[in-house]
Every structure is written in C-alpha cells, then in structure tokens.
Amino acid sequence: MHLKGAQLFLGIQLIVVSFFKIFNKNIRNRILGFFTLFSGLIYFYNIFRIQIYNNSLLNIMFVGPLEVIDPALLYLYIALLNKPSKRIIKHLSFPVVYLLFYKVLFFFFKDVYDAQIQTLGIIHYFLLPFYFGIYFFKGIKIFKTTLQNTLKEKALKKFKIFYYSFNILNITSSLIIFVPILMMMFISTIDKDYIQALLETFSNSALIFGLFIYQLLILYALSESNTYKSFFLGIDVYKENN
C-alpha cells in the first residue's frame, strides 16, 4: 500500500514537471518532457490498471506497452546535442507503429487480444532487453565519438549520469521479467510458484530503485531550464570552437 502511494505521488510529480518541458521551444526539452510524461503515465497505469482497462477513453492512451518508446526518447535526447532533428521520425517510427499495433488489436480485435495477451507479453518481454541494449550502446557510441569533444566536462558528466542511469534501470527491469520467462521455457521441471515468488521479489526491488531514480528525473528536468541551469553549468554547455 505504501509503495502504491509513493508511485501515485511520484506519477503526479512527473506529469506536472513534464508540462514545463513539453511546451518548450527547444526540441530536446520537448523530448525530455515526453519522456517524463510517459514515465508518470506508466506509474498511473500500474496503480489503476483495472479501472483503465474498463474505461474506453483511457484505453486510447494507455493500451500497449508505453515503455517501448523510452529507448528512442533517451537516445534522441542525447543524439540531438550533436545531430540534426531529422533523426526524430526515423527513431520514433518503430515504437509508434508498435503501440498502434496493440491499440488496433485491442479496439478492433478484442477477442484475439484477450486470448493472446499472455503470448504477446512473452514476446514483448523477450525482445525488450535487446531493444533497450541496442539503443543504450548507440548512445554510448555518441558519447565516445563526438560529445566528449564538444561538451564541457561538467555537462558531459551530467548527461552521462542521466543517460546511463535510466538505461541501466530499464534494462534491469526488463531482465527481471525476461529471465523468469527463459527459465520457464527451458527448464520444464522448475516450480512455477518459485518463479512467481522470485519475480515478485526482484520486481519490488526494481520498483524501489526506480522510485529513487525517477525522483532524480524530476530534479534533472527542472535543472535543464535556463533559470536553474545557470546555477550548475552555465546556460552554454558546449566548448568554445577554438
């Protein structure tokens, strides 16, 4: 019960803070805003899953694994420090189509969706760690090849902490579900009750860690406004051209 209350409070905070960034003129701030918004919505979905499932209007927003959009948003937030904005459509096309697939299946083929929801979940959580991993290493490559030569040291460190923390959290969270699925698929004699208990233990640990990390997201998002940034980095985060 205490964890649900903490999730609800954190979800509200994330959604409120996200609106300060979504309506910003800077495209990177908007991406950070949408990442913050989706993070808050996921907490709401975890708490009110049953109520959302029974509400057609809310289903339009929540049906489908929202976390699939996180890798692209995190990567774009870093990549656009040094790359043109035309990359956005390329990287968001897959998660948008993926989410639309779930929504179309839910609204127009409800019987199929209900019958295959477990299979869809297994496929999703089987692919998710690899999907997160690919984008994580793409971002690491950008840090090593370009950003370390263009950003001030303090700014580079700040962006690295942000990018690494959320990717590690997301990959760890996906593996917590991925590993038990593998165990049940390839170890026929394993006790399913044991797997369920193991899954709940690791999930609660990841949830507590996530509550801490997403509190940092709120502070980070606020610190990326020019008013706050000047206290930490100065408004300009890039090295002088010479």
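Residues numbered from 1 in each chain as written. Predicted model: local features only at pLDDT ≥ 70, side-chain atom pairs only at ≥ 80, totals over all residues. Heavy atoms only, no water.

Another point: the overall build of the protein chain. A count of helices and strands for the protein chain gives 10 helices and zero strands. The order of helices and strands in the protein chain, counted from the N terminus, is α-α-α-α-α-α-α-α-α-α. Here the protein chain holds 242 residues, and the buried ones make up 43% of them. In the protein chain, of all internal contacts separated by at least 6 residues, the share reaching a separation of at least 24 is 76%. Only carbon and sulfur atoms are counted for the fraction: they give 68% of the accessible area of the protein chain, which is about 14,000 Å². (Helix = DSSP H or I, 4+ residues; strand = E, 2+ residues; numbered from the N terminus. Buried < 20%, exposed > 50% of the residue type's maximum accessible area, 1.4 Å probe, protein only. Contact = heavy atoms within 4.5 Å. Areas by Shrake-Rupley, 256 points an atom, 1.4 Å probe, with all protein chains shown as cover.)

The next subject is the packing of aromatic side chains. Throughout the structure, instances matching the rule amount to 27 aromatic pairs. Between the aromatic rings of F19 and F23, the centroid separation amounts to 6.1 Å while the plane-to-plane angle is 15°, which identifies the pairing as stacked. Given a relative accessible area of 64%, F23 falls into the exposed group. Judged by centre distance (4.3 Å) and plane angle (10°), the ring pair of F162 and Y220 falls under stacked. In this pair, F162 is assigned in helix α8 (residues 153–186) and Y220 in helix α9 (residues 192–223), connecting sequence segments 58 residues apart. Residue F162 is classed as buried on the basis of its relative accessible area of 4%. The class of Y220 is buried, set by a relative accessible area of 8%. Aromatic ring contacts, followed pair by pair, group F35, Y43, Y77, F159, F162, F166, Y214 and Y220 into a single cluster. One Lys or Arg, R28, reaches over the ring of Y77 and ends 4.1 Å from the middle of that ring. K158 extends its terminal NZ or CZ atom over the ring of Y220, reaching a point 4.9 Å from the ring centre. (Phe/Tyr/Trp six-rings, centres within 6.5 Å; stacked < 30°, edge-to-face > 60°. Lys NZ or Arg CZ within 6 Å of the ring centre and 35° of its normal.)

Next up on the list: the nonpolar core. If you look at the biggest cluster of nonpolar residues, it comprises 62 residues, and the most contacted ones within it are F159 and F162. Going through the elements one at a time, α1 (2–22), α2 (27–47), α5 (70–79), α6 (87–108), α7 (110–150), α8 and α9 are the ones with two or more residues in this core. The greatest single-element share of this core, amounting to 11 residues, is contributed by α7. (Core = buried A, V, L, I, M, F, W, Y, C linked by side-chain atoms within 4.5 Å.)

Below, the discussion takes up the confidence of the model for the protein chain. Summing up the model confidence of the protein chain, the mean pLDDT is 82 and the portion of residues at 70 or higher is 85%. At the level of individual helices and strands, the protein chain shows its lowest average pLDDT in helix α10 (residues 226–232), which scores 58, and its highest in α5, which scores 92. (pLDDT = per-residue confidence, 0-100.)

Taken together, L57, I60, V104, F107, F108, F109 and V112 make up a surface patch of nonpolar side chains, about 720 Å² in accessible area. Breaking the nonpolar patch down by element, the ones donating at least two residues are α4 (56–62) and α6. The biggest single contributor to the nonpolar patch is α6, with three residues. Locating I60 in the fold gives a position in helix α4. (Patch = residues over 30% accessible without salt bridge, like charges linked within 9 Å, V, L, I, M, F, W, Y side chains within 5 Å. Salt bridge = Lys/Arg side-chain N within 4 Å of Asp/Glu carboxyl O.)

Let us look at the environment of F136. Relative to the helices and strands, F136 is located in helix α7. Classification of F136 as buried rests on a relative accessible area of 11%. Separated by 64 residues in sequence, F136 and A72 have C-alpha atoms that sit 9.5 Å apart. Among all residues touching F136, those that are not within four sequence positions of it are Y163, Y164, N167, I168 and I171.

What follows covers the packing of α2 against α5. Packing of α2 against α5 leaves a shortest axis separation of 9 Å and a crossing angle of 150°. In terms of their interaxial angle, α2 and α5 are classed as roughly antiparallel. Judged by the twist between their axes, the crossing of α2 over α5 is left-handed. Residues R28, I31, L32, F34, F35 and F38 of α2 lie in contact with α5, whose contacting residues are D70, L73, L74, L76 and Y77. Looking at side-chain class alone, the contact of α2 with α5 contains nine nonpolar, no polar and two charged residues. (Axes fitted to C-alpha atoms, helices over the stretch in contact; angles between N-to-C directions. Parallel < 35°, antiparallel > 145°, perpendicular 65-115°, else oblique. Left-handed = near helix turned anticlockwise from the far one by under 90°. Nonpolar A, V, L, I, M, F, W, Y, C, P; charged D, E, K, R; others polar.)

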